[in-house]
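# Breakdown of the fold
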Amino acid sequence: MTKKILVIEDEDQVRENILELLEAEGLLPIGAENGATGIDLAKANRPDLILCDVMMPGGDGYGVLSQLRQDSALAGIPFIFLTAKAAKADFRQGMELGADDYLTKPFTRSELLSAIATRLKKRAIVQESYHSELKQAKQQLNYWMHHDSLTGLPNRLSLREKFKQIKPTNSKDKKIIAILCIGLDRFSQINDNLGHAFGDLLLKAVAERIITSVTNFYSIIRCNADRFILILDNIEHKKDAIAVCEKLVHSFSQAFTLKNQEIFTTASIGVAIYPRDGSNIDQLLDRANKALFQSQQQGGNQYQFYSAVLSIGASDRVALQTSLHYALERKELHLYYQPKVNLATGQVMGAEALLRWHHPERGIIGPTRFIPIAEETGLIVPIGEWVLQNACQQIKKLHDIGFPYLRLAVNLSGRQFTQIDFRQKLVKILTATNLHPQYLELELTENILVENTEIAIRRLNALKALGLTIAIDDFGTGYSSLSYLQQFPFDVLKIDQCFIRNISENSPNAAITKAIIEMANNLNLKVIAEGIETKEELDFVCQYHCDIMQGYIFSPPLSAKEFKELLISGKSLSCVH
Ligand code: C2E
Ligand code: MG
Ligand code: MG
């Protein structure tokens, strides 16, 4: 590619000569007659090299260089001073600011060209090594994201891919697949009593035991903490799955010997069968988990197949479902706002709207309890509309009292997103509240999108055409890799708090988080770190150039009134950035 060379020189004749000379060499020269224009052109054109005069009216070349060096996108561009001044002190000043070379006028054509060639070559070497590091980081990230660092087993990210591979494409295919969710009984007690290091040893030993006890090699995945998933895809009948379950439960009857200590633990299993219990992996896992929970509730050391009546706490759910019907009209739903802070400035730049249900008898109920019920019953549609309407109204009010830059993020559930007229309703709300779409961000989780990729992309584009932004929420907790999600037109990536939790320089999470941030930057996505609770976590995300943070260390979700008070108080975050 033709190299772009920016020439900042106030003397027209000198500048024109250099431009001509460079053009004759097949380079692409750009001329600027003063420092300020030079900086603007550097930003707009990202040249491969800059030649800059030192003495210029209205700001010298040192000022230009120090400004460029502060801009991370421009700081790496080779910079050569051209000057008539040859005093040693000037030379040092330029070099200390980070100039790459210093040519004293008058210079010959070959001096100039050789200085340019040397710098371009050096830059090419640096870029090449950067690209190969990036490639390596991508490969590593891909491996880490697909494997569990403790046991070396594939993790749940691999699960979706595996399931896609084995799921029959022909509906006439009578193949069945069993998903076994294996959990250790009372594992948390072992962890608490014997320590996490011992718990980790046990988990490794458990992984080995599962592998050796299922002789026909099936896919084994470590799902999280003490959960393992086994996929049986070469079975013909439910009884084959029963045989594997019995064998597995039995295999735990022998003690584990760890650090010369014998320890007994039992395991329980929940089973869901494709296609009977579900057609997609999310549904199957959910049901296998429910069955596992049931096994453990009944004392553990056993297995259970999912059945519809298993639904946990069914009566409680029904009661909540009934009262949720009235929650909206009884004004029991409230929106809280969790501030989001720009890490470059420390200022509050917006908020995420989060639902709370003030239940008259049960007190405050969090969204993780009632949103799934609202989803199942379809109540999420009116509730979601109410959320959008209220949140937009609230932010608009804050715009009007002196915070016109505030951005609002609203969570969107699957059912809302797939509604045919969702976009239309959204436009209506934006118009009614007079909120410009550029201040609205919709947060979606990947499970909403992966079921029907094409339609999801179309819908996202239609929403984006309104001028709003789209964020992928809880990134890293699902089953898709960033390279898969890349096909969706996101603007923002929210790294889930499970990656940030207890992060320290050397933890595997730190490596994953760094790689995610780097890749997101390459894809031009803004990165939000969620759930920052400690100073260490904050320092980490600042150091690795996350754009925005959200977390208890700055503020929990606040009522509308409290959020307004926080804004008025001017509270800000001091950060290492
Ligand atoms: P989310 O969108 O990932 O929201 C972030 C959650 O993390 C919130 O939980 C927030 O209170 C919590 N959080 C923030 N900072 C910290 C921290 O430093 N430490 C810890 N431990 N937690 C922190 P919340 O409010 O319970 O919401 C849970 C989920 O419910 C949300 O996850 C979102 O998926 C869903 N949700 C909330 N409001 C709505 C809504 O209006 N519509 C829909 N569809 N879903 C909603
Ligand atoms: Mg969210
Ligand atoms: Mg989240």
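Here's a quick rundown of the structure. Being a predicted model, the structure only gives us computed values, none of them experimental.

## A short note on the pattern of salt bridges
Inspection of the entire model under this criterion finds 21 salt bridges. As a salt-bridge pair, Asp-53 and Lys-105 come within 3.3 Å of each other at their nearest N and O atoms. Here Lys-105 lies in the loop between strand E5 (101-104) and helix H5 (109-146) and Asp-53 lies in strand E3 (residues 49-53), a separation of 52 residues in the sequence. By the burial criterion, Asp-53 is buried, and Lys-105 matches it. Put simply, Asp-539 and Lys-535 hold a salt bridge, and the shortest N to O gap is 3.0 Å. Taken as a pair, Asp-539 and Lys-535 lie in helix H21 (residues 535-543) at a separation of four residues, close to a single helical turn. Classification of Asp-539 by relative accessible area gives partly exposed; the value is 23%. Under the relative-accessibility criterion, Lys-535 is labelled partly exposed at 48%. Each of Lys-340, Glu-352, Arg-407, Glu-441, Glu-443, Lys-494 and Glu-530 takes part in a single network of salt bridges with overlapping partners.

## Notes on unusual backbone geometry
With an omega of -5°, the peptide bond between Lys-105 and Pro-106 qualifies as cis. Each neighbour pair has its own omega, and for Tyr-274 with Pro-275 the value is 0°, a cis peptide bond. Topologically, Pro-275 is positioned in the loop between strand E11 (267-274) and helix H10 (281-297). You will see that Lys-331, though not glycine, has its phi angle at about 55°, which is positive. For Lys-331, a relative accessible area of 67% gives the class exposed.

## What about the side chain of Arg-209?
Summarising the element assignment, Arg-209 is placed in helix H8 (residues 196-213). Despite its burial, Arg-209 pairs with no opposite charge; the closest candidate is Glu-208, at 8.3 Å N-O. A polar atom in the side chain of Arg-209 sits 3.0 Å from the backbone oxygen of Ser-251. Leaving out residues up to four positions away in the same chain, Arg-209 has contacts with Ser-251, Phe-252, Gln-254, Ala-255 and Phe-256.

## Regarding the sheet that holds E3
Within the open sheet, the five strands sit side by side as E2-E1-E3-E4-E5. Their pairing is parallel. Unpaired on one side and paired on the other, strand E2 (28-32) and E5 mark the two borders of the sheet. Direction aside, the axes of adjacent strands within the sheet are offset by 20° on average.

What counts and what doesn't
- Residues numbered from 1 in each chain as written.
- Chains lettered and ligands numbered in written order.
- Predicted model: local features only at pLDDT ≥ 70, side-chain atom pairs only at ≥ 80, totals over all residues.
- Heavy atoms only, no water.
- Salt bridge = Lys/Arg side-chain N within 4 Å of Asp/Glu carboxyl O.
- Helix = DSSP H or I, 4+ residues; strand = E, 2+ residues; numbered from the N terminus.
- Buried < 20%, exposed > 50% of the residue type's maximum accessible area, 1.4 Å probe, protein only.
- Lys, Arg positive; Asp, Glu negative; His and termini not counted.
- Polar contact = N/O pair within 3.5 Å; in protein donor to acceptor, adjacent residues only side chain to side chain.
- Contact = heavy atoms within 4.5 Å.
- Pairing = 2+ DSSP bridges.
- Axes fitted to C-alpha atoms, helices over the stretch in contact; angles between N-to-C directions.

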